[in-house]
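# Working through the structure, step by step
Listed below, chain by chain, are the residues.
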Amino acid sequence: MASPQVDTESVPEEGYERGLNSRQVQMIAIGGAIGVGLFLGAGANIAKAGPSLIVMYALAGVIIFFIMRALGELLLYRPVSGSFAEYSREFLGPFFGYFTGWTYWLMWIVTGMAELTAAAIYINYWFPQIPQWVTALVFLILLFGANLISVKLFGEIEFWFSMVKVTAIIGMIVIGLGVLTFGFSAAGDTATVSNLWAVDGFFPKGIGSSLMTLQGVMFAYLAVELVGVTAGESQNPEKTLPKAINTLPWRIALFYVGALTVILCVVEWTEFSADASPFVKAFAVIGIPAGAGIVNFVVLTAALSSCNSGMYSTGRMLRNLADNGEAPQLFRRLSSTKTPALGIATSVVFMGIGVVLNYVVPEKAFGYVTSIATAAGIWTWLMILVSHVLYRRQVVAGRLPASSFPAPGGSLCSYIAIVFLLFVTALIAIDADARICLYVMAGWAAALGIGWMVLKDRNPQVARPHEPALQKADDQV
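Residues numbered from 1 in each chain as written. Predicted model: local features only at pLDDT ≥ 70, side-chain atom pairs only at ≥ 80, totals over all residues. Heavy atoms only, no water.

## A word on the overall build of the protein
- If you tally the helices and strands in the protein, you get 18 helices and zero strands.
- Expressed as a percentage of its 477 residues, the buried residues of the protein come to 57%.
- Carbon and sulfur atoms provide 67% of the accessible area of the protein, an area that totals close to 18400 Å². (Helix = DSSP H or I, 4+ residues; strand = E, 2+ residues; numbered from the N terminus. Buried < 20%, exposed > 50% of the residue type's maximum accessible area, 1.4 Å probe, protein only. Areas by Shrake-Rupley, 256 points an atom, 1.4 Å probe, with all protein chains shown as cover.)

If you want it as structure tokens, here you go:
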């Protein structure tokens with residue numbers, strides 16, 4: 001029996017404006033794969049792993065592609081704005097949808113706090129006399145206003161934020177290749193491909209030390225799944241989403257693997273440190289005027305882009321939770337511009353805690369709010385993969401329509417990615433500095449568990465499995 005088919009255009013509208021065009025969705029996908037984790041976090045990982053970090057980014061990039069192809073198959077089966085929570089709810093049960101939705105919301109709240117803090121620090125580079133909390137508050141208000149106006153404005157802002165990041169990385173690669181090929185600049189005499197293995201080999205601190213960087217590498221890839229949240233507001237999801245996901249491998253190859261390879265060829269890995277951006281160091285060694293200022297502007301853009309995305313996604317996730325009775329019904333309302341204004345406003349209030357931290361403990365604010373982001377991101381990815389495996393079983397059994405964008409290899413790649421993410425979680429558990437995020441996650445899980453019991457007691461309906469809002473095709477055989 002052939003699987004029943006469904007036209008994605010028949011999926012009921014959620015009330016959102018489909019205001020994100022192909023250009024914006026493509027750039028949101030690109031921007032999601034480029035963040036502060038690359039511009040700043042790579043420095044600490046280079047110090048730990050040396051040139052072998054390139055392999056770690058490539059390996060993690062393959063896993064991220066598996067995750068995104070699994071998500072892509074689900075999105076084209078049923079494109080909804082609350083994608084991760086909705087698929088968890090459908091294939092694993094109401095509790096998992098509830099847990100995933102609130103956890104993804106929390107991930108973006110703490111990420112928003114961290115990015116506001118980072119943006120304030122970057123502004124201090126030019127204007128040290130301005131208190132961090134003032135800068136953080138100004139950025140919070142500006143991005144809040146932009147998200148309230150319309151999804152089109154959000155998409156346009158994200159397009160230009162991503163354009164700055166992409167231009168900076170491509171510029172670094174082109175300049176680095178020029179130094180390697182023609183030997184110009186102050187780095188010309190020492191820049192060589194042999195820098196990748198000349199100093200203590202390609203794995204200078206051993207394979208074990210290289211593997212321990214995977215947790216930081218995965219943090220750098222957080223938000224790549226954001227394109228899934230745009231499904232409910234994309235003008236033509238059945239065309240734009242597959243294109244955005246299929247271009248992910250070359251984006252990872254260029255922006256992460258390519259950029260790091262060029263940088264590590266131009267500058268010996270021993271010259272990088274945990275407290276400085278490798279891009280700033282490379283610009284300085286090459287001798288580009290105002291190189292540090294240029295990179296500071298780019299990293300500021302990356303931080304604001306992440307915070308902007310956080311406001312967008314948290315508002316949509318709160319509305320999805322409210323639609324399923326797992327959050328106050330007030331969050332279901334859309335403004336006159338078809339944005340979940342109340343959900344965005346509530347999320348901004350919680351992000352504002354980051355402004356308070358910048359006022360009370362500006363030197364520690366960034367560290368206080370980043371520990372849970374990786375754990376929450378890994379949970380989200382696991383839910384995507386498990387949902388995909390269960391969806392494939394339903395398709396094979398003929399109980400659900402096949403997606404127009406099937407993942408290569410069926411469920412096999414999802415199983416591989418699940419094992420990989422569990423391995424990374426084990427690495428986090430044995431790292432004394434990193435395992436705090438697992439403690440925080442355990443506390444969050446306990447709080448959500450108590451909340452679920454209270455919710456079920458007040459409204460038993462939320463715990464009952466329900467059919468997805470999908471227009472079923474007549475039994476086609």
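From this point, the narrative continues.
## Some remarks on the packing of aromatic side chains
- Taken as a whole, this structure holds 20 aromatic pairs when the rule is applied.
- When the centroid spacing of 6.3 Å and the interplanar angle of 45 degrees are considered together, the rings of Y77 and F91 count as tilted. One end of the pair, Y77, is in helix α3 (residues 53-77); the other, F91, is in helix α4 (residues 83-91), with 14 residues separating them in the sequence. Like Y77, the residue F91 is buried in the burial classification. (Phe/Tyr/Trp six-rings, centres within 6.5 Å; stacked < 30°, edge-to-face > 60°.)

## Observations regarding the packing of α4 against helix α5 (residues 94-126)
- Direction vectors running N to C along α4 and α5 enclose 165 degrees, while the axes themselves pass 6 Å from each other. Here α4 lies roughly antiparallel to α5, going by the angle between them. When the axes of α4 and α5 are compared, the crossing they make is right-handed. Where α4 abuts α5, its residues F84, A85, S88 and R89 lie against P94, F96, G97, Y98, T100, G101 and Y104.
- Residue composition of the contact of α4 with α5, by class: six nonpolar, four polar and one charged. (Axes fitted to C-alpha atoms, helices over the stretch in contact; angles between N-to-C directions. Parallel < 35°, antiparallel > 145°, perpendicular 65-115°, else oblique. Left-handed = near helix turned anticlockwise from the far one by under 90°. Contact = heavy atoms within 4.5 Å. Nonpolar A, V, L, I, M, F, W, Y, C, P; charged D, E, K, R; others polar.)

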